[in-house]
Amino acid sequence: MGDEEFMTASDEEHGSTEGYAPHPHIGGRTAVLRALAAWRMQWPGAPRVVVLTGSPGSGRSRLVTGFLMLCEPEYRKRLPLDDLDPTTVPPDLPAPAVPDPKGLTADQFLWAVADHFGLDATRTADIVPRLAAAADPVTIVVPDVDRAGPVRAAGEPARLVRDVLKPLAAADKVQLLADVPRALAAELVESLPAGQGQVIDLDDARWADPEGLALQAETMLDPRFGAPALPYTEDPVARRALAETVAERAAGSRLTAQLAVQCVLMQPEGFDPADPSQLPGSVGEALDLHARRLGADPRTLRLMLAPLALAEGDGLPVGLWVPLANAVAGRDMSQEIAAGMLLAGPFVEPVELPAEGAAEPDADGGASAVRMLLRLAHPGIADAVRAGLADPRDAQTRIAMALLEAVPQQDWSRADPYVRDHLAAHTLDAGLLPQLLTDPALFVHADPVTLRAAVEAVPYEALGAPARTYLRTAPLLTRSEAPAAVRAALLETAFVEDGLGPYADALHALGLGLPWRTLWSVPLPGVTGVTVGSLPQAPAEGDTADVPAPAAALPVAVFLVPEGTPGARTIAAEDTGTGAAAVLVHQLLGPEYVDTDPARVLRPSEDARVAAPLALSRGADYLRVWDRQRQEVVAALVSDTPFVAADLSPEGVLVVATARGVKALHIPLPAPVPAPAADTAAAPEPPAVSVSAPSSPTDPAHPAETPAGPHGREGDRS
């Protein structure tokens, strides 16, 4: 019997003193439900902001879920509202917004709020002010703040409270209920005017509800709800007495009471209901008592559960449990785990997720491939196991090393998704993440949201140059679901910009077929225009030709720069159309400047541009290069700084100026489209192929194949 089966006993046996039935999902908590109902109906004197808190396992999540059942118009129709205390039932109002922060960064959570309310915002900083300026008040319920963030050690719950929930709470038009860890609860309401905020601590005597806890324990012990037939489960008097003892020992912890009953019912032999010392007073005691009842060493159980307690994300792949337990224990744990399912059973639950790359269910309804994970049944169990580790950092170090060894031939493209995406989180908790951040292949293949969160948690001064490049590029990677090849391309050009050429070369060696190779990059702020061209070379000695052969021309790029830029030359107004200006001439294919008269540079003719196989179009925050004949995008570029200017040579070299400087990317020319087979029959003249770019350079639409740029919607959108 699990936590989901915490239900109420019958009214005939246990009606409340007021004659009302308890909530069918919660089984008590009348005082809290009254306070929440008053908050929902905005009763005079009720606070606008309510913070629900308590120790892990106190029942916060279940309480919020039960209250939301009363707030959702369709679900409340299935509840016996007429049997409930009317002061605990909020009025029939539209359902509140319930954005789930589980696994989300603060920015991602804000965008979830914006999406729910349909806000037309382009920056995270605009979202709360838009809500505050709304014509009507908005109601938001935020459950499970403690589960925010993709990386546990990165401290995302605190960031969510500080950067999102506090501003929401300060907005007069926002009615807020949040389930927050105790350490952050006071911070959320401390700056509110008197009477606008309230903290409900479920461990406080005012809200603890020991009678409700005893009722829930009694229900779990009842054979009508799945308990085995035992003397203390079949006899109502004995059942009630044991339930009261369980509740008293649990001291308000719903999780402790649940584990106490589960462990007794799983292994009833030797249990004496008259001996309170055989019942736990905490989650940690529940672990140890269960192990001893089964004749096992409690340390063995804790070592078995340690990898699950330290796991990230949705859980640990089944195949990694034994090797990681071996690593933490420093010995072979395979036999203990193989024979320990009864030992670990009350604390572990399986999770099935779609396998990476799994196909959709077929037409016959066949299920797609699934991936089996294991996780602890409640975060409070993980807290207890971690608290019992002699050296948590050493345990994380051992796990990180074991995960690294599990990468086949250090090829990240073949690594287990858990290893690939969560190794950084383990090394962060072990204090070793900077040492890991030297492999560009990891940057490409790891989940960018998770890796970015881990890297951002490291002090900037502790990061090496490659990690700093990743950190500034990460916003481009997390704002889209770009595949590995696109991530590699964006990182490749960033490495060249930062003078890390060997890392860029390593990305080309991954065999991902990058859409470009960055030829060079110059840090040159202030550039306002670029153009490609060619510089005729001086004829060879003895050559009397007036015009050098075309092959002798040097491909160049010309930058329009501020006057006074070192090395720049001034050109006349007729050359720029904007008055006298300064320019620099740079090799198009090489890293050097060219000291020459800019007037000698020849620009490609319009005919040459039209005949080129590639075309360039530009949006507000992206550049696209097209295969003219196939009408397909062959390269899409976004930048962490605004684009200023761009030009594309007929040979496929894209020159881009941003606020940071200028760079050149060589894009391979597509193969010509094969000519159709000759047809001897008369045929109408085919229409001419358009030589213009498939869409306007000023088209504001963001193409699906283009990664999201930084100047559209800001923040993580994955």
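Structure report, in brief. Since this is a predicted model, take the numbers as computed values, not measurements.

## Considering the pairing of strand β2 (residues 138–142)
By the criterion of burial, β2 is predominantly enclosed, with five of the five residues buried. Every second residue of β2 is oriented toward a common face, with Val138, Ile140 and Val142 on one face and Thr139 and Val141 on the other, all of them buried. Summarising the sheet, β2 and strand β3 (residues 174–179) pair through five bridges and their orientation is parallel. The partner of Val141 across the bridge, within β3, is Leu177. Crossover connection from β2 via helix α7 (residues 156–170) to parallel β3: handedness right-handed.

## Focus: the nonpolar core
Looking at soluble globular proteins, one finds that nonpolar side chains tend to be buried together. The biggest cluster of nonpolar side chains holds 98 residues, and the ones touching the most others in it are Leu305 and Leu637. With residues up to four places along the chain from it excluded, the contact list for Leu305 reads Leu287, Ala344, Phe347, Val348, Leu376 and Val385. Counting residues in hydrophobic clusters, the runner-up holds 35 residues, among them Ala97, Val113, Ala169 and Ala178.

## Details of the packing of helix α14 (residues 298–309) against helix α18 (residues 379–387)
Contact geometry for α14 and α18: axes closest at 9 Å, N-to-C directions at 120°. For the element pair α14 / α18, the angle class is oblique. For the pair α14 and α18, the sense of crossing is left-handed. Between α14 and α18, the residues in contact are Arg302, Leu305, Ala306 and Ala309 and Ala382, Ala384, Val385 and Arg386, respectively.

## Here we look at the sheet that holds strand β18 (residues 661–666)
Within a beta sheet, neighbouring strands are joined by backbone hydrogen bonds and run either parallel or antiparallel to one another. Pairing in this open sheet of four strands is antiparallel, and the strands run β8-β18-β17-β16 from one edge to the other. This sheet does not close on itself; its edge strands, each paired only once, are β8 (517–523) and β16 (643–648). Going across the sheet, the axis of each strand differs from the next one's by a mean of 15°, ignoring polarity. When strand β17 (residues 653–658) meets β18, the two strands line up antiparallel, connected through five bridges. What sits directly across from Ala657, in β18, is Val662. Contacts from helix α25 (residues 484–497) reach β8 and β18, with the element oriented near 40° to β8.

## Quick word on helix α19 (residues 392–405)
Along its 14 residues, α19 runs 20 Å from first to last C-alpha, staying within 8% of the 20 Å computed at 1.5 Å per residue. When we look at burial in α19, the residues that qualify are Ala395, Gln396, Ile399, Ala400, Ala402 and Leu403. Buried residues of α19, seen end-on, are gathered within an arc of 165° and therefore sit on one face of the element. Next to the buried residues of α19 lie α14, α15 (318–329) and α20 (417–430).

## Quick word on the pairing of strand β9 (residues 529–535)
Counting buried positions along β9 yields six of seven residues, so the element is predominantly enclosed. Examined bridge by bridge, β9 and strand β10 (residues 554–561) share seven bridges and lie antiparallel to one another. From the neighbouring strand, Val532 faces β10, where its bridge partner is Ala557.

## Here we look at the environment of Glu248
Among the secondary structure elements, Glu248 is positioned in helix α11 (residues 236–250). Sequence-wise, Glu248 and Leu213 are 35 residues apart; in three dimensions their C-alpha atoms are separated by 8.9 Å.

## Quick notes on unusual backbone geometry
Unusually for a residue other than glycine, Arg29 sits at a positive phi of about 60°. Structurally, Arg29 is set in the loop between α1 (11–14) and α2 (30–40). With phi around 60°, Asp209 is a residue other than glycine that occupies positive phi space. On the secondary structure map, Asp209 appears in the loop between β4 (197–201) and α9 (210–221).

## Observations regarding the sheet that holds β2
What the four strands build is an open sheet, ordered β2-β3-β1-β4; its pairing is parallel. Edge strands, defined here as strands with exactly one partner in the open sheet, are β2 and β4. Strand-to-strand twist across the sheet, computed as the mean angle between neighbouring axes with direction ignored, equals 10°. Direction of pairing for strand β1 (residues 49–53) relative to β4: parallel, over a ladder of five bridges. Its bridge partner lying in β4, Val51 is registered against Val199.

## A few points about empty space enclosed by the protein
Per the stated rule, a full pass over the model turns up four cavities of 30 Å³ or more. Size it by volume and the largest cavity reaches roughly 70 Å³. In terms of lining residues, the largest cavity is bounded by Arg472, Thr473, Leu476, Leu490, Thr493, Ala494, Glu497, Val638, Ser639, Asp640 and Lys663. Elements supplying a minimum of two residues to the lining of the largest cavity: α24 (465–478) and α25. If you go around the second largest cavity, the residues you meet are Ile26, Arg29, Ser58, Gly59, Arg62, Leu63, Gln216 and Arg254. Residues of the lining of the second largest cavity, tallied by class, amount to two nonpolar, three polar and three charged.

## Brief notes about the packing of aromatic side chains
In the structure shown here, the tally under the stated rule is seven aromatic pairs. When the ring of Trp39 is compared with that of Phe67, the centres are 6.3 Å apart and the planes differ by 55°; the resulting orientation is tilted. Taken together, the residues Trp39 in helix α2 and Phe67 in helix α3 (residues 60–71) connect sequence positions 28 residues apart. Both residues of the pair, Trp39 and Phe67, belong to the buried class. Connected via pairs of aromatic rings, a cluster forms that spans Phe443, Tyr470, Phe495 and Tyr503.

## Details of the pattern of salt bridges
Summed over all chains, the structure comprises 37 salt bridges. As a salt-bridge pair, Asp383 and Arg386 come within 2.5 Å of each other at their nearest N and O atoms. Here Arg386 and Asp383 lie together in helix α18, a separation of three residues that amounts to about one turn. Exposure remark for Asp383: the relative accessible area of 31% places this residue in the partly exposed category. A salt bridge links Arg609 to Asp647, with the nearest nitrogen and oxygen atoms 2.9 Å apart. Remark: Asp647 occurs in strand β16 and Arg609 occurs in helix α28 (residues 606–611); sequence separation between them is 38 residues.

Cut-offs applied
Residues numbered from 1 in each chain as written. Predicted model: local features only at pLDDT ≥ 70, side-chain atom pairs only at ≥ 80, totals over all residues. Heavy atoms only, no water. Buried < 20%, exposed > 50% of the residue type's maximum accessible area, 1.4 Å probe, protein only. Helix = DSSP H or I, 4+ residues; strand = E, 2+ residues; numbered from the N terminus. Pairing = 2+ DSSP bridges. Right-handed = clockwise from strand over helix to strand, strands pointing away. Core = buried A, V, L, I, M, F, W, Y, C linked by side-chain atoms within 4.5 Å. Contact = heavy atoms within 4.5 Å. Axes fitted to C-alpha atoms, helices over the stretch in contact; angles between N-to-C directions. Parallel < 35°, antiparallel > 145°, perpendicular 65-115°, else oblique. Left-handed = near helix turned anticlockwise from the far one by under 90°. Expected span 1.5 Å × (residues − 1). Arc of directions from axis to C-beta. 1 Å grid on protein atoms, 1.4 Å probe; cavity = no way out; pocket = protein on both sides within 12 Å on 5 of 7 lines; lining within 4 Å. Points joined across faces, edges and corners; volume = space filled by probe spheres on them. Nonpolar A, V, L, I, M, F, W, Y, C, P; charged D, E, K, R; others polar. Phe/Tyr/Trp six-rings, centres within 6.5 Å; stacked < 30°, edge-to-face > 60°. Salt bridge = Lys/Arg side-chain N within 4 Å of Asp/Glu carboxyl O.

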